[in-house]
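Residue-level structural notes
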Amino acid sequence: MTQDELKQAVARAAIDYVPTGEIIGVGTGSTANFFIDELGKIKDRVKGAVASSEATADRLRSHGIPVLDLNDVDAMSIYIDGADEITASGAMIKGGGAALTREKIVASVAKQFICIADGSKLVDVLGAFPLPIEVIPMAQAAVARKLKTLGGEPRLRVKDGKPVMTDNGCVIIDLVGLRITDPSKLEAEINNIVGVVTVGLFAQRGADVALLGTAEGVKTLSF
C-alpha cells in the first residue's frame, strides 16, 4: 500500500469515533485532509467542527461542514489529527504543517485525542523529525540562541526564500538533531523560553488513541 492509501485507511477508521450530533475538533495536514474528506460523507451526523488552521477551515467548508469558533464551544468529545512522530506512550511531535499552536489549543479542549497516522510515524524515541517551535518574529534570534543550548541546531523554516508564517503571524524554528528521551520535560522547558508561543511536543497532553495504518491493516493503540 502507498502512504496515501495508509492515510486514507486510518481516516476511514477514525470515522467510527465521530459522535452523532456533536462538535468535533479537526487537525491540519495531509492525513487530516483525508479525514475531512471522509467526514464530508457523513456531515449530517455532526453539528459542526472547530478547525486548527485556516486551511482546515476552508476544506471543511468545501464539504459543507459548519466551522465554529472555539470561543463559542464549551466542550468537544474528540479531536482528530495526525502526527509527525508518535511513541508507544502517546507523546508526539507535531507542527510539520505549521499549525502546532492552534492544534494544541483545540486538542486541549477535547476530552479525547485520536491520532491518525501511517505506521512509519511510530518511533521508539522522538527527534528524528525536526522539532517545530512557533516563535514571535522579533524574538527569533534570541530564542534560537537559547534553543541551541538544549542541543540540536535551530533552523528558521523558509519557503520560496521567505520565512514561513503561521496563521498567528509568527515564524517557525525547527530544532534539528535532537534525541528526546523526556518529551514532557523538554516541552515545559521550551515553552518557558520568552518569545516562544508553543513547541510542537504533545507530551503533557498526548494522544489517547492512535490509529496506525500498516500493510496488515489499521492497528489501534490506547494510552
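As a reminder, the structure under discussion sits directly above these lines.
If you're wondering where the values come from, they're calculated on a predicted model, not measured in any experiment. (Residues numbered from 1 in each chain as written. Predicted model: local features only at pLDDT ≥ 70, side-chain atom pairs only at ≥ 80, totals over all residues. Heavy atoms only, no water.)

1. A few points about the sheet that holds strand S2 (residues 48-51)
Operational definition: Here a strand pair is declared whenever DSSP counts at least two bridges between the two strands. We count a stretch as a helix when DSSP gives it H or I for four or more residues in a row; a strand needs E for two or more, and each element gets its number in order from the N terminus. Axis definition: a line fitted to C-alpha atoms, limited for helices to the stretch in contact. Angles are taken between N-to-C directions and run from 0 to 180 degrees. A contact between two residues is defined here by any heavy atoms of the two lying within 4.5 Å.
Strand order in the open sheet formed by 6 strands is S2-S1-S3-S6-S14-S15, with mixed pairing between adjacent strands. If you trace the sheet from one side to the other, it starts and ends with S2 and strand S15 (217-222), each paired once. The mean inter-strand angle of the sheet, taken between neighbouring strand axes irrespective of direction, is 20 degrees. In terms of strand pairing, strand S3 (residues 76-81) meets strand S6 (residues 110-118) through 5 bridges, oriented parallel. By the bridge assignment, tyrosine 79 is partnered in S6 with phenylalanine 113. Strand contacts of helix H2 (residues 30-40): strand S1 (23-26), S3 and S6, with the helix running at about 150 degrees to S1, the strand carrying the most contacts.

2. Looking at helix H3 (residues 54-62)
Threshold: The classification of residues rests on relative accessible area computed with a 1.4 Å probe and restricted to protein chains. Under 20% of the type maximum is buried, over 50% is exposed, and intermediate values are partly exposed. Each direction from the helix axis to a C-beta atom contributes to the arc, which is the arc of those directions.
Buried residues of H3: Thr56, Ala57 and Leu60, and no others. Looking down the long axis of H3, one finds its buried residues gathered within 100 degrees of arc, a one-sided arrangement. Exposed residues lying more than 90 degrees from the buried face of H3 are Ala55 and Ser62. Those residues of H3 hidden inside the fold are in contact with S1, H2 and S2. Positive phi shows up at glycine 64, right after H3, with a value of about 80 degrees.

Such coordinate-based values are descriptive only and should not be taken to indicate function.
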